[in-house]
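Structural overview
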Amino acid sequence: NGIAGVIPDEIAQLETMRYLYLEKGGLGGSIPSAIGELKNLKVIDLDFNSLTGTIPENLYELSSLRQLDLNNNQLTGTLSSRVGLLSNLSVIQVDNNKLTGTIPSELGQLKQLAVGFFSYNNFTGLVDERICELREPEGNLGMLQVDCVGENPEVECQCCSSCRQPEETGGSLRKLVEN
């Protein structure tokens, strides 16, 4: 998009904004908590930037949010269990960041969820059965990707549509293994 710099706190003045598309730019700095004040947002697309820091807690209060794309940044911290409050969310992409902790079981509360990309982070643990229950054909979840391949995968997933892992040689190449 050609936009560089940081996302200013003044973005909160755009109270009626419904779609925030600032992907594939030169944005750096952290995601301002001011975005969480935009209660009409349906889409937040900030992927393919250089954003750092954590995901602001008040983003999880955006009850109208349908799509959260934060992939391909340098975000750290955890994905909060409060993600389960986003009852209208159908797409969450947080892959290719530096997130840690577990993939929250509260994602299993998101009955509209169709796409969940969590790979190329530092998540650990087991993908909860409640998330697996969202998978097709009973649920809407058609795409679920985590780092669940290798001799000692960091994440165990019994229901993922695909598992990913870094290549053994070089570390920068990626390998997709379809289930």
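Calculation criteria
Residues numbered from 1 in each chain as written. Predicted model: local features only at pLDDT ≥ 70, side-chain atom pairs only at ≥ 80, totals over all residues. Heavy atoms only, no water. Helix = DSSP H or I, 4+ residues; strand = E, 2+ residues; numbered from the N terminus. Buried < 20%, exposed > 50% of the residue type's maximum accessible area, 1.4 Å probe, protein only. Contact = heavy atoms within 4.5 Å. Phe/Tyr/Trp six-rings, centres within 6.5 Å; stacked < 30°, edge-to-face > 60°. Disulfide = S-S within 2.5 Å. Core = buried A, V, L, I, M, F, W, Y, C linked by side-chain atoms within 4.5 Å. Lys, Arg positive; Asp, Glu negative; His and termini not counted. Salt bridge = Lys/Arg side-chain N within 4 Å of Asp/Glu carboxyl O. pLDDT = per-residue confidence, 0-100. Polar contact = N/O pair within 3.5 Å; in protein donor to acceptor, adjacent residues only side chain to side chain.

1. Let's talk about the overall build of the chain
- Counting its secondary structure elements, the chain contains one helix and 16 strands.
- When each of the 179 residues of the chain is scored for burial, the buried share is 48%.
- Contacts spanning at least 24 positions in sequence make up 44% of the contacts within the chain whose residues lie at least 6 apart.

2. What about the packing of aromatic side chains?
- With the rule as written, the count across this model stands at two aromatic pairs.
- Here the aromatic rings of Tyr 19 and Tyr 21 are separated by 6.4 Å at their centres, their planes lie at 5°, and the arrangement is stacked.
- Assessed through its relative accessible area of 42%, Tyr 19 is described here as partly exposed.
- Judged by its relative accessible area of 44%, Tyr 21 falls in the partly exposed class.

3. Let's talk about the state of the cysteines
- Across all of its chains, the model carries three disulfides by this definition.
- Sulfur-sulfur distance for the disulfide between Cys 132 and Cys 159 comes to 2.1 Å. Its torsion about the S-S bond being -75°, the disulfide of Cys 132 and Cys 159 is classed as left-handed. Highlighted residues: Cys 132 in helix H1 (residues 129-132) and Cys 159 in the loop between strand E14 (155-156) and strand E15 (162-166), separated in sequence by 27 residues. Considered together, Cys 132 and Cys 159 belong to a single accessibility category, that of buried residues.

4. Things to note about the nonpolar core
- With 49 residues, the main nonpolar core has Ile 35, Ile 44, Leu 46 and Phe 118 as its most contacted residues.
- If you list the elements that add at least two residues to this core, you get H1 and strand E13 (143-146).
- When residues no more than four places from it in sequence are discounted, the contact partners of Leu 46 are Ile 7, Leu 20, Leu 22, Glu 23, Ile 31, Ile 35, Leu 51, Asp 69, Leu 70 and Asn 73.

5. Focus: the side chain of Asp 47
- Here Asp 47 lies in the loop between strand E4 (43-45) and strand E5 (52-53).
- Although buried, Asp 47 forms no salt bridge, and the nearest oppositely charged side chain, Lys 24, lies 6.2 Å from it.
- The contacts of Asp 47, once residues within four sequence positions are left out, are Glu 23, Lys 24, Asp 69, Leu 70, Asn 71, Asn 72 and Asn 73.

6. Brief notes about the environment of Ile 55
- Relative to the assigned elements, Ile 55 resides in the loop between E5 and strand E6 (67-69).
- Residues Ile 55 and Lys 42, 13 residues apart in the sequence, show an inter-C-alpha distance of 17 Å.
- Not counting the four nearest positions on each side in its chain, Ile 55 is found in contact with Tyr 60, Leu 70, Leu 75, Thr 76 and Leu 79.

7. Quick look at the environment of Ile 131
- Looking at where Ile 131 falls in the secondary structure, it is placed in helix H1.
- Residues Ile 131 and Cys 157, spaced 26 residues apart in sequence, show a C-alpha to C-alpha distance of 9.9 Å.
- If we skip the residues at most four places from it in the chain, Ile 131 touches Ile 103, Pro 104, Ser 105, Leu 107, Gly 108, Leu 141 and Leu 144.

8. Comments concerning unusual backbone geometry
- A cis amide bond links Glu 136 with the next residue in sequence, Pro 137, at an omega value of 10°.
- Unusually for a residue other than glycine, Lys 24 sits at a positive phi of about 55°.
- For Phe 48, which is not a glycine, the phi torsion comes out positive at approximately 60°.
- Mapping Phe 48 onto the fold places it in the loop between E4 and E5.

9. Some words on the confidence of the model for the chain
- Considering every residue of the chain, the mean pLDDT works out to 91; 92% of them sit at 70 or more.
- With pLDDT under 50 throughout, residues 167-179 is counted as low confidence; its partners more than four residues away or in other chains account for 25 contacts.

10. Quick word on the side chain of Arg 164
- You can see Arg 164 is positioned in strand E15.
- This buried residue, Arg 164, is left without a salt bridge; Asp 95 holds the nearest opposite charge, at 5.7 Å.
- Polar contacts involving the side chain of Arg 164 include one to the side chain of Gln 145, which spans 3.0 Å.

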